[in-house]
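Close look at the chain arrangement
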Amino acid sequence: MTTSLDLLPGDPRAALLVIDMQYDFMPGGALAVAEGDALVPLVNRLGAQFRNVVITQDWHPAGHISFASSHAGRSPFDSITLPYGAQTLWPDHCVQGTQGARLHADLVIDHAQLILRKGCNAGIDSYSAFVEADRSTQTGLAGYLKERGIDSVFVVGLALDFCVAWSALDARAAGFNTWVIEDACKAIDLNGSLDKAWQDLTAAGVVRIDSADVTR
Ligand SMILES: [Zn+2]
């Protein structure tokens, strides 16, 4: 799908959100997304186009509530109900300070001003860069962007159907013009999660584009 943009990536009102380009989400990692590492060169090229770049980093304490290992008798990819709602359980991943939690070394966007760490609360997951999974605890990102005069965000990274989608939906809900650059994302696609994500994104008014729409 091609959509003409009414602002250029270098516009001071626009920001690129680079979601979770960490070793645990890359092939060989604890929660690998197929071909996740193949995105790095494209994300670097996109990053160079934007004046404003925010990089997120999933950053869990050991024993985090989203880990299957924290729940007796549960396995990764089970779904359970927590006080804040449904939670998919994952393999242990992106534990604070571990190699798997590091950003991919080939991700080079040196002018990025903010690296936002999320999922730091032991008892609350956070797919979204804006609002944690209890749907009320704010990360502060909406305020950071708005205070800097940014009203438009472009979202790329991993994984399209979880952290990218939730971040884009919350960006839209917070009032930002929001695009997802499809070919700069990879999905997990668990039980139809990718189709569901696109349905939700489209319904919310998030615009689906390709990197060619931004870089041309
Ligand atoms: Zn996580």
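Values in this document were obtained by computation on a predicted structure and should not be read as measured data. (Residues numbered from 1 in each chain as written. Predicted model: local features only at pLDDT ≥ 70, side-chain atom pairs only at ≥ 80, totals over all residues. Heavy atoms only, no water.)

**Description of the overall build of the protein chain**
Of regular secondary structure, the protein chain possesses five helices and eight strands. Listing the helices and strands of the protein chain from first to last along the sequence gives β-α-β-β-β-β-α-β-α-β-α-β-α. Taken against the 2.2 N^0.38 rule, which gives 17 Å for 216 residues, the C-alpha radius of gyration of the protein chain at 16 Å falls within 12% of a compact globule. Principal-axis analysis of the C-alpha atoms gives the protein chain an extent of 50 × 35 × 30 Å. Looking at the protein chain residue by residue over its 216 residues, the buried ones come to 51%. Long-range contacts, defined here as pairs at least 24 residues apart, represent 74% of the contacts in the protein chain between residues at least 6 apart. A total accessible area of about 9200 Å² is found for the protein chain, and carbon and sulfur atoms account for 50% of it. (Helix = DSSP H or I, 4+ residues; strand = E, 2+ residues; numbered from the N terminus. Rg over C-alpha atoms; globule rule 2.2 N^0.38 Å. Buried < 20%, exposed > 50% of the residue type's maximum accessible area, 1.4 Å probe, protein only. Contact = heavy atoms within 4.5 Å. Areas by Shrake-Rupley, 256 points an atom, 1.4 Å probe, with all protein chains shown as cover.)

**Remarks on the side chain of His64**
With respect to the element layout, His64 can be found in the loop between β2 (52-58) and β3 (79-82). Look at His64 and you get buried, because its relative accessible area is 0%. For His64, the side chain forms a polar contact with the main-chain oxygen of Gly119, separated by 3.5 Å. A polar contact of 3.0 Å, which involves the side chain of His64, links it to the backbone oxygen of Asn121. Residues contacting His64, with those up to four places away along its chain left out, are Ser70, Gly119, Asn121, Ala122, Ile124 and Asp125. (Polar contact = N/O pair within 3.5 Å; in protein donor to acceptor, adjacent residues only side chain to side chain.)

**Let's talk about the state of the cysteines**
Under the defined criterion, the tally for this structure stands at zero disulfides. Note on Cys185: no disulfide assigned, nearest cysteine sulfur contributed by Cys163 at a separation of 11 Å. Residue classification places Cys185 among the buried residues on the basis of a relative accessible area of 6%. (Disulfide = S-S within 2.5 Å.)

**Notes on the pairing of strand β5 (residues 114-118)**
Moving residue by residue along a regular strand, the side chains alternate between the two faces of the sheet. Side chains Leu114, Leu116 and Lys118 project from β5 onto a buried face, and the interleaved Ile115 and Arg117 project onto a face without burial. With five bridges connecting them, β2 and β5 associate as parallel partners. Within β5, the residue paired with Gln57 across the bridge is Arg117. (Pairing = 2+ DSSP bridges.)

**Structural notes on the sheet that holds strand β8 (residues 207-209)**
Pairing in this open sheet of six strands is parallel, and the strands run β5-β2-β1-β6-β7-β8 from one edge to the other. The two strands at the open ends of the sheet, each matched to only one other strand, are β5 and β8. Taking each pair of neighbouring strands and ignoring which way they run, the sheet shows an average axis angle of 25°. One ladder, built from six bridges, connects strand β1 (residues 14-19) with strand β6 (residues 152-158); its direction is parallel. Each bridged residue has a counterpart across the sheet, and for Ala14 the counterpart in β6 is Ser152. Across the sheet, helix α1 (residues 40-49) is in contact with β1, β2, β6 and β7 (177-186); its angle to β7 comes to roughly 150°. Of the strands in this sheet, β1, β5, β6 and β7 are in contact with helix α3 (residues 160-173), which crosses β7 at around 170°. (Axes fitted to C-alpha atoms, helices over the stretch in contact; angles between N-to-C directions.)

**Looking at empty space enclosed by the protein**
For the structure shown, the criterion picks out one cavity of 30 Å³ or more. In this structure, the largest cavity occupies an estimated 100 Å³ of space. Lining the largest cavity are 13 residues, with Phe25, Leu31, Tyr127, Phe162 and Cys163 positioned closest to its centre. Across the lining of the largest cavity, the residue classes break down as ten nonpolar, one polar and two charged. (1 Å grid on protein atoms, 1.4 Å probe; cavity = no way out; pocket = protein on both sides within 12 Å on 5 of 7 lines; lining within 4 Å. Points joined across faces, edges and corners; volume = space filled by probe spheres on them. Nonpolar A, V, L, I, M, F, W, Y, C, P; charged D, E, K, R; others polar.)

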